[in-house]
Amino acid sequence: VATRCILGFCLTLEKPSSLSVALCLAQALCPRDAWLAARGLDHGWPMYGRPRQLVTDSAKEFKGHAFQRGCEDYGIRVRFRDRGRVHQGGVVERLLGKLNAVLATQPGKTGRSVADRDQYPAERRARLSFADLERCVALAVIDHNLQQNARTLKAPATEWERQGGDLPRFDDDPMRVLLAFLPGAERCLSPQAISMFALDYYSPWLGALVPQRDRLGKLEVRHDPRDISHVYVRDPETREFRAVARR
């Protein structure tokens, strides 16, 4: 809010969920040099860090256990926008409007309505793959951070450098951040290891814990809804999450 910088985004075809929130926050909290390089972008996007407070609307993905638990892990306070006070979301809504204006210049645009499309053959003109669209959004975000704000007459990137010099830097790992916000459950350990989604997940280190299962009780398990070929189980000794593949 202070600098008008965009710290992260998540582009997905799925409906909003705890996963999309986790992916967005993982990008906002962590350095993204590897993320940019993987998409062939050599532009600077140095803004990242742990927020002290997040202001959200009242959508259910922000009231779920996974989101609340992840914010507690990273010391982030959550404040919900007052119901009926739409203007309190003006900062982000203005950015989304600006981004939509950029995307509307791309081939295959559908417009805001059938009337707005005005016989334009969107499906026939479409040219962007999902990866192309993600790069387009990233470039629009980077451009926004560098452009002077029409109202404040200040560039977000310049304001970030001026105001963010004394902010602590944690260099959080994107995977650890993602795990903190992923949906989870507790499961008992059995000789078949861990059961979720009517599947068994096993690893030799889990097998070594079977004789101690009564003492250990239930184990904490988290999963990525995009890929259930493996889950993440918290090691009771190291307290770190370890990937466990399907048996």
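So, how was this worked out
Residues numbered from 1 in each chain as written. Predicted model: local features only at pLDDT ≥ 70, side-chain atom pairs only at ≥ 80, totals over all residues. Heavy atoms only, no water. Helix = DSSP H or I, 4+ residues; strand = E, 2+ residues; numbered from the N terminus. Contact = heavy atoms within 4.5 Å. Areas by Shrake-Rupley, 256 points an atom, 1.4 Å probe, with all protein chains shown as cover. Salt bridge = Lys/Arg side-chain N within 4 Å of Asp/Glu carboxyl O. Pairing = 2+ DSSP bridges. Axes fitted to C-alpha atoms, helices over the stretch in contact; angles between N-to-C directions. Expected span 1.5 Å × (residues − 1). Buried < 20%, exposed > 50% of the residue type's maximum accessible area, 1.4 Å probe, protein only. Polar contact = N/O pair within 3.5 Å; in protein donor to acceptor, adjacent residues only side chain to side chain. Parallel < 35°, antiparallel > 145°, perpendicular 65-115°, else oblique. Left-handed = near helix turned anticlockwise from the far one by under 90°. Nonpolar A, V, L, I, M, F, W, Y, C, P; charged D, E, K, R; others polar.

Novice: In this structure, what is going on with the overall build of the protein chain? I would like to understand it.
Specialist: Tallying secondary structure elements over the protein chain gives 11 helices and eight strands in all. Dimensions of the protein chain, computed from C-alpha atoms along their principal axes, come out at roughly 65 × 50 × 40 Å. For the protein chain, the share of sequence-separated contacts (at least 6 apart) that also reach a separation of at least 24 residues comes to 61%. When the accessible surface of the protein chain is split by element, carbon and sulfur atoms take 51% of a total near 15300 Å².

Novice: Help me out: how do you make sense of the pattern of salt bridges in this one?
Specialist: Close approach of charged atoms allows side chains of opposite charge to pair. Within this structure, the stated rule accounts for eight salt bridges. One salt-bridge network, held together by shared partners, links Glu-220, Arg-222 and Arg-234.

Novice: What am I meant to see in the sheet that holds strand β3 (residues 184–187) here?
Specialist: Hydrogen bonds between backbone atoms are what pair the strands of a sheet, whose relative direction is either parallel or antiparallel. Spatially, β3-β6-β7-β8 is the arrangement adopted by the four strands of the open sheet, whose pairing is antiparallel. Both outer strands of the open sheet, β3 and β8 (241–245), are each paired with one neighbouring strand and no more. Here the average twist between neighbouring strands, direction ignored, is 35 degrees. In this sheet, strand β6 (residues 219–224) lies alongside β3 in antiparallel orientation, the contact comprising four bridges. Bridge pairing in β6 places Glu-186 opposite Glu-220.

Novice: Whenever I open this one, helix α1 (residues 18–29) confuses me. Can you help?
Specialist: Given 3.6 residues to a turn, an α-helix orients residues that are three or four positions apart in the same direction. Given a rise of 1.5 Å per residue, 12 residues ought to cover 16 Å, and the 16 Å separating the end C-alpha atoms of α1 matches this to within 8%. Among the 12 residues of α1, nine are classified as buried, and the element is accordingly described as predominantly covered. Next to the buried residues of α1 lie α2 (33–38), β1 (53–56), α3 (65–73), α9 (174–181) and β6.

Novice: Explain the side chain of Glu-159 here, please?
Specialist: Its location among the elements puts Glu-159 in helix α8 (residues 156–163). Within the structure, Glu-159 has its side chain in polar contact with the side chain of Arg-162 (distance 2.9 Å). Sequence-distant contacts of Glu-159, defined by excluding residues within four places in its chain, comprise Thr-3, Lys-154 and Gly-164.

Novice: Mind showing me how you'd approach helix α7 (residues 130–146) here?
Specialist: Here α7 contains 17 residues, and its C-alpha end-to-end distance of 25 Å stays within 8% of the 24 Å for a straight helix at 1.5 Å per residue. All of the buried residues in α7 are Glu-134, Cys-136, Val-137, Ala-138, Ala-140, Val-141, Ile-142, His-144 and Asn-145. In this structure, the buried residues of α7 make contact with α2, α4 (90–103) and α8.

Novice: Can you help me understand the environment of Phe-197 in this one?
Specialist: Relative to the elements of secondary structure, Phe-197 occurs in the loop between β4 (194–196) and β5 (199–201). For Phe-197 and Ile-228, which are 31 residues apart along the polypeptide, the C-alpha to C-alpha distance reads 8.4 Å. Among all residues touching Phe-197, those that are not within four sequence positions of it are His-223, Ile-228 and Val-231.

Novice: What's the story with the side chain of Gln-27 in this structure? I'm lost.
Specialist: Counting through the fold element by element, Gln-27 comes out in helix α1. What makes Gln-27 buried here is its relative accessible area of 8%. Sequence-distant contacts of Gln-27, that is, excluding residues within four places in its chain, are made with Leu-7, Gly-8, Phe-9, Arg-32, Trp-35 and Trp-45.

Novice: Would you mind showing me how to read the environment of Lys-154 here?
Specialist: Structurally, Lys-154 is set in the loop between α7 and α8. Residue classification places Lys-154 among the partly exposed positions, given a relative accessible area of 41%. As for Lys-154 and Arg-234, which are separated by 80 residues in sequence, their C-alpha atoms are 46 Å apart. Setting aside chain neighbours within four positions, we find Lys-154 in contact with Gln-147, Gln-148, Asn-149 and Glu-159.

Novice: Would you mind showing me how to read the packing of α1 against α9 here?
Specialist: Packed helices, taken two at a time, are described by the angle between their axes plus the distance between the axes. Viewed as axis vectors pointing N to C, α1 and α9 meet at an angle of 150 degrees, and their least axial separation amounts to 8 Å. Taken as axis vectors, α1 and α9 run roughly antiparallel relative to one another. Relative to α9, α1 is oriented so that their crossing is right-handed. On α9, the residues touching Ser-18, Ala-22, Leu-23, Leu-25, Ala-26 and Leu-29 of α1 are Pro-174, Val-177, Leu-178 and Phe-181. Here the contact of α1 with α9 is composed, by residue class, of nine nonpolar, one polar and no charged.

This is a description of form; function is not addressed.
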